[in-house]
Amino acid sequence: MNFVINIITLGIPFSVALLLASLGEMFNQRAGIFNLGCEGIMAMGAFLGMLVPYAYGQGGATPGYFNVLGLLLATAVGALLGLFFGLSVITFKAPQGIAGIGLQMFGVGLAGTMFRHFIGGTQSVPGIGTAPVPLLSKIPVLGPMLFSNNVLVYIAFLLVPVSYWVLFKTQWGLKVRACGTFPGAADSLGIDVNRIRFQSLAVGGALAGLAGAYLSLCQAKMFSDEIIAGRGFIAVALVYFGYWNPVNIMWGALLFSLAQSFQFAIQAQGINFPYEFAVMLPYVLVIVTLAFSRDKKMQEPTALGIPFDREKRV
Amino acid sequence: MTKHNFTIYYKISIIILAILAALAMSAAVLLILGADVMKTYAVILFEPLKNKIEVTEVLVRAIPLSIIALGITVAYRSGIINIGAEGQMAMGILGTTSMALGLASAPIPPVLVIIISLVAGGITGGIWGFVPGILKAKFQVSELLSTVMLNYIAAQFYTFCLRGPLLDPAEMTTGSGTPQSMRLPKDLWLGRLLRGTRLHAGIFIALGLALLVYFLLWRTTYGYKMRAAGAGKKAARYGGINVGLYLTVSMVISGAFAGLAGGIEVLGLHHRAIEGITSGYGFSGIVVALFGALHPAGIVPASFFFGMLLVGADMTQRMVGVPANMIQVLEGIIILVIVSAQMVLGDTYLMDRLERRFVHKEAVK
């Protein structure tokens, strides 16, 4: 029992970065853009998120608003990188898969380069601590599990209903979905398809940047080259896993982070199981679920990955 | 200005613009780092060519790059993008090293052992390429995702082997704890070509593979069918080509090339499996393949150029204080610029419109 509680208590904070990034990626894909560069944006977010509190931290005691500033910077740069990606895949109609690899290398490389240049070695930041919800956190078992987390954890899970509402109940959400399913029809109704796609890339990039900053400011409290460790790619896969629907994506994010926390839990239990195989587990899980989710492809936004061209009438 | 002339001018100007864009973007990054832009470019472009040692070092880097890029080209031409070369290379290293260590004391001539262990590396890499190939062909799993996941899995398996089954017994006794395999006996090393440099015979294998890929893709019906499957799935299927089969086979070939590249690195350069051999070669291979226009005749010079960038990046770290990671940023920029420029170059409609605007205007004058 304790073992299970341990896994869940660890797993919920782990899921936040995946959840934020895959919600962002969901907006991209709903608008028809396959953004494989998510990993790169997350890396930039992770570095910039910790850079501000690091640069202004006075002997470890960083005022809280520097953390907020770091989060904001990561979000803004994430949105900018999303737009930059749009320049390539929307304006120049570059193939999105390959361009995404380019963005990934650019982001991961730039974050690593700046990290070495401005900071040098491993440096930890105080980061953002937990904020237990009054009263609710006093509930036995559930309290420490669900209600004594980071502020960003609550925000991320709050974003699930919010993005559901945005996607399915607002006009902008309708436009986004139209641009991903039938851009030709959207265009004939006077919707500027490319503009909507740029907007969705900015939203997705902002969320990916925030997800990266969460990793460096709340989870690891430092930056390293391996901080993202493929979470950007897992986030892309999660969008497929979750039928392009925020609620399902949340369950997916939880499932994968539980697989991740499993590795720490068995270590804590002192079970003799090769550590490397435990680390593999989430990645194996992604491949297996992608292979056995054939019917989900029916719900794929039909224009996903296809650049919109007015002249081509599709 | 005739139409033909116009097309050429247009294409050349797009290419020049793309190069300028890439240079400007990397200059912007260098300015953020507060580096001397011109000096950094000068170090990257000229220092690696200054003396014999540096030039051979560039060639040493170009060997794995070209082999991996050739494999990626085979996959790309058949319509599947292989970004799993990193993992396939790691698996190839494991295959070659364990085979070479296993046969080291067997009564077989060393040349044969070298060949067998390189083949073993190719096979393990090929198996690692088969998985995403079959997943794409049978389950429509995007290879962009499955190959990346397999990279992480392979990386974990690689460190597991280096720390466990393949760990050098000497490391256990001396206890330095470096995760690395036993050193291969000297007669299993690929020969060095020049005294005092690290250039090894692997370069001939790389050139041979370039010829092989050219003949496979452009001189056999098998290659024709592969390229047909890549150029248009529906048309190929209509023409009676089993697209799924060609996808899978080309992915296996692609993985085998990456595995072979890993094996050659072990036998030719490091003489044992150590951590970090693959570092980035898999991803750089994609850039080399694209930069070489997905053709062996382009990939050979492109791999030399990127070998130069890799060596140059190490030098900028020492000479101008720009971290060597900068090379990854450059590669990212190059990919983005190449794919964008390619689409603009291939846009016949855009070209027609521009041509009408400029050619006809002059005619009126």
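Details of the structure are given in the entry above.
Residues numbered from 1 in each chain as written. Chains lettered and ligands numbered in written order. Predicted model: local features only at pLDDT ≥ 70, side-chain atom pairs only at ≥ 80, totals over all residues. Heavy atoms only, no water.

Novice: Please explain the overall build of chain B as it appears in this structure.
Specialist: Each helix and strand in chain B was counted, giving 15 helices and 0 strands. A globule of 365 residues ought to have a C-alpha radius of gyration of about 21 Å, and chain B, at 23 Å, matches this closely. Principal-axis analysis of the C-alpha atoms gives chain B an extent of 85 × 55 × 35 Å. Within chain B, the proportion of its 365 residues that are buried is 54%. Of the contacts formed within chain B by residues at least 6 apart in sequence, a portion of 76% connects residues at least 24 apart. Accessible surface, chain B: about 15,800 Å² in total, of which carbon and sulfur atoms supply 68%. For chain B, the separation between the mean place of its 28 positive charges and that of its 17 negative charges on side chains is 9 Å. (Helix = DSSP H or I, 4+ residues; strand = E, 2+ residues; numbered from the N terminus. Rg over C-alpha atoms; globule rule 2.2 N^0.38 Å. Buried < 20%, exposed > 50% of the residue type's maximum accessible area, 1.4 Å probe, protein only. Contact = heavy atoms within 4.5 Å. Areas by Shrake-Rupley, 256 points an atom, 1.4 Å probe, with all protein chains shown as cover. Lys, Arg positive; Asp, Glu negative; His and termini not counted. Charge placed at Lys NZ, Arg CZ, Asp CG, Glu CD.)

Novice: What is the right way to read the overall build of chain A from this model?
Specialist: A tally of regular secondary structure across chain A gives 12 helices and 0 strands. Beginning at the N terminus, the succession of helices and strands in chain A can be written as α-α-α-α-α-α-α-α-α-α-α-α. A globule of 314 residues ought to have a C-alpha radius of gyration of about 20 Å, and chain A, at 20 Å, matches this closely. Its C-alpha atoms put chain A at 60 × 45 × 40 Å along the principal axes.

Novice: What am I meant to see in the pattern of salt bridges here?
Specialist: Note on pairing: side chains with opposite charge can pair once their charged atoms come close. Applying the stated rule across the entire model yields 8 salt bridges over all chains. In this structure, Arg163(B) engages Glu276(A) in a salt bridge whose closest nitrogen and oxygen atoms are separated by 3.6 Å. Of this pair, Arg163(B) sits in helix H6 (residues 143-163) while Glu276(A) sits in helix H12 (residues 275-291), which puts the two residues in different chains. Accessibility expressed as a relative area gives 45% for Arg163(B), which makes it partly exposed. (Salt bridge = Lys/Arg side-chain N within 4 Å of Asp/Glu carboxyl O.)

Novice: What's the story with the side chain of Ser200(A) in this structure? I'm lost.
Specialist: Residues and elements named next belong to chain A. With respect to the helices and strands, Ser 200 occurs in helix H9 (residues 193-219). In this structure the side chain of Ser 200 is engaged in a polar contact, spanning 3.0 Å, whose partner is the backbone oxygen of Arg 197. Dropping the residues within four chain positions of it, Ser 200 is found in contact with Phe 27, Asn 28, Ala 31 and Trp 172. (Polar contact = N/O pair within 3.5 Å; in protein donor to acceptor, adjacent residues only side chain to side chain.)

Novice: In this structure, what is going on with a nonpolar patch on the surface? I would like to understand it.
Specialist: Residues and elements named next belong to chain B. Together, Ile 8, Ile 12, Ile 15, Ile 16, Leu 17, Ile 19, Leu 20 and Leu 23 make up an exposed nonpolar region whose accessible area comes to about 720 Å². Within the secondary structure, Ile 8 sits in helix H1 (residues 3-32). On the accessibility criterion, Ile 8 (38% relative accessible area) is partly exposed. (Patch = residues over 30% accessible without salt bridge, like charges linked within 9 Å, V, L, I, M, F, W, Y side chains within 5 Å.)

Novice: Honestly, the interface of chain A and chain B in this entry has me stumped. Any pointers?
Specialist: You'll often see interface size given as the accessible area lost when the parts meet. Listed per partner, the contact involves 49 residues of chain A and 46 residues of chain B. Roughly 4,200 Å² is buried in total at the junction of chain A and chain B, and carbon and sulfur atoms are behind 80% of that figure. Our count for the contact surface shared by chain A and chain B stands at 1 salt bridge. Secondary structure elements with two or more residues in the side of chain A that touches chain B: helix H3 (64-91), helix H4 (96-119), helix H10 (231-241) and H12 of chain A. Broken down by element, the residue count for the side of chain A that touches chain B peaks at 18 residues, all from H4(A). Of the residues in the side of chain A that touches chain B, the class split is 32 nonpolar, 9 polar and 8 charged. (Buried area = accessible area lost by both parts, 1.4 Å probe. Nonpolar A, V, L, I, M, F, W, Y, C, P; charged D, E, K, R; others polar.)

Novice: What's the story with the packing of helix H6 (residues 151-169) of chain A against H9(A) in this structure? I'm lost.
Specialist: Helices that pack against each other are described as a pair by the angle of their axes relative to one another and the distance between those axes. Residue and element names in this part refer to chain A. Contact geometry for H6 and H9: axes closest at 11 Å, N-to-C directions at 155°. Taken together, the axis directions place H6 and H9 in an arrangement best described as roughly antiparallel. Relative to H9, H6 is oriented so that their crossing is left-handed. Only Leu 207, Leu 210, Tyr 214 and Cys 218 of H9 make contact with H6, whose side of the interface consists of Leu 152, Val 153 and Leu 159. Of the residues that constitute the contact of H6 with H9, the class distribution is 7 nonpolar, no polar and no charged. (Axes fitted to C-alpha atoms, helices over the stretch in contact; angles between N-to-C directions. Parallel < 35°, antiparallel > 145°, perpendicular 65-115°, else oblique. Left-handed = near helix turned anticlockwise from the far one by under 90°.)

Novice: Can you help me understand unusual backbone geometry in this one?
Specialist: With the exception of glycine, most residues fall at negative phi, and the peptide bonds are largely trans. Residues and elements named next belong to chain A. With a phi angle near 60°, Lys 221 is a residue other than glycine that sits in the positive phi range. Relative to the assigned elements, Lys 221 resides in the loop between H9 and H10. Assessed through its relative accessible area of 26%, Lys 221 is described here as partly exposed.

Novice: In this structure, what is going on with the packing of helix H1 (residues 2-30) of chain A against helix H11 (residues 246-269) of chain A? I would like to understand it.
Specialist: Residues and elements named next belong to chain A. It is at 6 Å that the axes of H1 and H11 come closest, and there the two elements cross at 140°. Classed by the angle they form, the pair H1 and H11 counts as oblique. For the element pair H1 and H11, the recorded crossing hand is right-handed. Across the contact of H1 with H11, the residue classes break down as 21 nonpolar, 7 polar and no charged.

Novice: Got a minute to help me understand the nonpolar core in this structure?
Specialist: Side chains of a nonpolar character, in soluble globular proteins, are inclined to be buried together. Counting 204 residues, the largest nonpolar core has Leu36(A) and Met42(A) as its most contacted members. Ranked by residues supplied to this core, first place goes to helix H14 (residues 326-345) of chain B with 14 residues. Once residues lying within four places of it in the same chain are set aside, the contact partners of Leu36(A) are Gly97(A), Gly100(A), Ile101(A), Gln104(A), Phe233(A), Val236(A), Ile83(B), Leu144(B) and Leu145(B). By size, the runner-up hydrophobic cluster in this structure holds 5 residues, among which are Val58(B), Met308(B), Val311(B) and Met315(B). (Core = buried A, V, L, I, M, F, W, Y, C linked by side-chain atoms within 4.5 Å.)

Novice: I keep staring at the packing of aromatic side chains and nothing clicks. Help me out?
Specialist: Centre-to-centre distance and the angle between the planes together describe a pair of aromatic rings. In this structure the tally under the stated criterion is 20 aromatic pairs over all chains. Ring geometry for Tyr283(A) against Tyr152(B): centres 4.9 Å apart, planes inclined by 10°, an arrangement best described as stacked. Linking Tyr283(A) in helix H12 with Tyr152(B) in helix H6, this pair reaches from one chain into another. Tyr152(B) sits in the partly exposed class, given a relative accessible area of 23%. Put simply, the rings of Phe34(A), Tyr240(A) and Trp244(A) pair up and form one aromatic cluster. (Phe/Tyr/Trp six-rings, centres within 6.5 Å; stacked < 30°, edge-to-face > 60°.)

Novice: In this structure, what is going on with H12(A)? I would like to understand it.
Specialist: Because an α-helix packs 3.6 residues into every turn, residues spaced three or four apart end up facing the same way. The end-to-end C-alpha separation of H12(A) is 25 Å, in line with the 24 Å expected for 17 residues at 1.5 Å each. Along H12(A), the sharpest change in direction is near 35° and occurs at Leu281(A); proline Pro282(A) comes one to four residues later. The elements touched by buried residues of H12(A) are H10 and H11 of chain A together with helix H5 (110-139) and H6 of chain B. (Expected span 1.5 Å × (residues − 1). Bend = angle between axes of the 7 residues up to and from the residue.)

Novice: Where do I start with the environment of Leu217(B) in this structure?
Specialist: All names here are of chain B. With respect to the helices and strands, Leu 217 occurs in helix H8 (residues 202-219). It is 34 Å that separates the C-alpha atoms of Leu 217 and Leu 103, two residues lying 114 residues apart in sequence. Among residues more than four places away in sequence, those in contact with Leu 217 are Thr 73, Val 74, Arg 77, Gly 223, Tyr 224, Met 226 and Arg 227.

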